[in-house]
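# Structure at a glance
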Amino acid sequence: MNFIRKMLKNEKGATAIEYGLIAALIAVAAITAMGNVGTSLNKTFNNVSTSMNG
C-alpha cells in the first residue's frame, strides 16, 4: 500500500510527460513552418526559372 501512495505522490513522471508534450508541440510547429517556407521558396525559384527562360 505504501508503494501505491508513493507512486501517486510522485510528480516527476507527470513533469516529464508535460515536457514531452511541449517538445512535440514545438516540433509540429517547426515542421509546419518549414513546410510553408519550402513551398514559398519553391514558388520563388519557379518564378525565377520562368523569368530566365522567357
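Attention in this report is confined to the structure presented alongside it. It should be emphasised that the depicted structure is a prediction, and the values quoted were computed from it without experimental measurement.

Turning our eyes to something else, we now look at the overall build of the protein chain. Helix and strand counts for the protein chain come out as two helices and zero strands. A burial count over the protein chain gives 0% of its 54 residues as buried. For the protein chain, the exposed area adds up to about 5200 Å²; of that, 67% sits on carbon and sulfur atoms.

As a further point, take a nonpolar patch on the surface. A contiguous nonpolar patch, built from Tyr19, Ile22 and Ile26 and spanning about 350 Å² of accessible area, is present on the exposed surface. Considering the arrangement of structural elements, one finds isoleucine 26 in helix α2 (residues 12-53).

Conventions adopted
Throughout this description, residue numbers start from 1 for each chain and increase along the sequence as written. Given that the model is predicted, a residue must reach a pLDDT of at least 70 before its local features are reported, and side-chain atom pairs must reach 80 or more before they are shown or counted; all residues, however, enter totals for whole chains, interfaces and linings. Side-chain numbers come from the whole structure's heavy atoms, not from hydrogens or water. Runs of H or I in DSSP of at least four residues are treated as helices and runs of E of at least two as strands, each being numbered from the N terminus. We call a residue buried when its accessible area falls under 20% of the maximum for its residue type, exposed when it is over 50%, and partly exposed in between, using a 1.4 Å probe and counting protein chains only. For accessible areas, the Shrake-Rupley method is used with a probe of radius 1.4 Å. Any residue's cover is judged against the shown protein chains and nothing else. Patches were defined on residues exceeding 30% relative accessible area and lacking a salt bridge, with like-charge contacts within 9 Å and nonpolar side-chain contacts (Val, Leu, Ile, Met, Phe, Trp, Tyr) within 5 Å. For this document, the term salt bridge refers to a Lys or Arg side-chain nitrogen within 4 Å of an Asp or Glu carboxyl oxygen.

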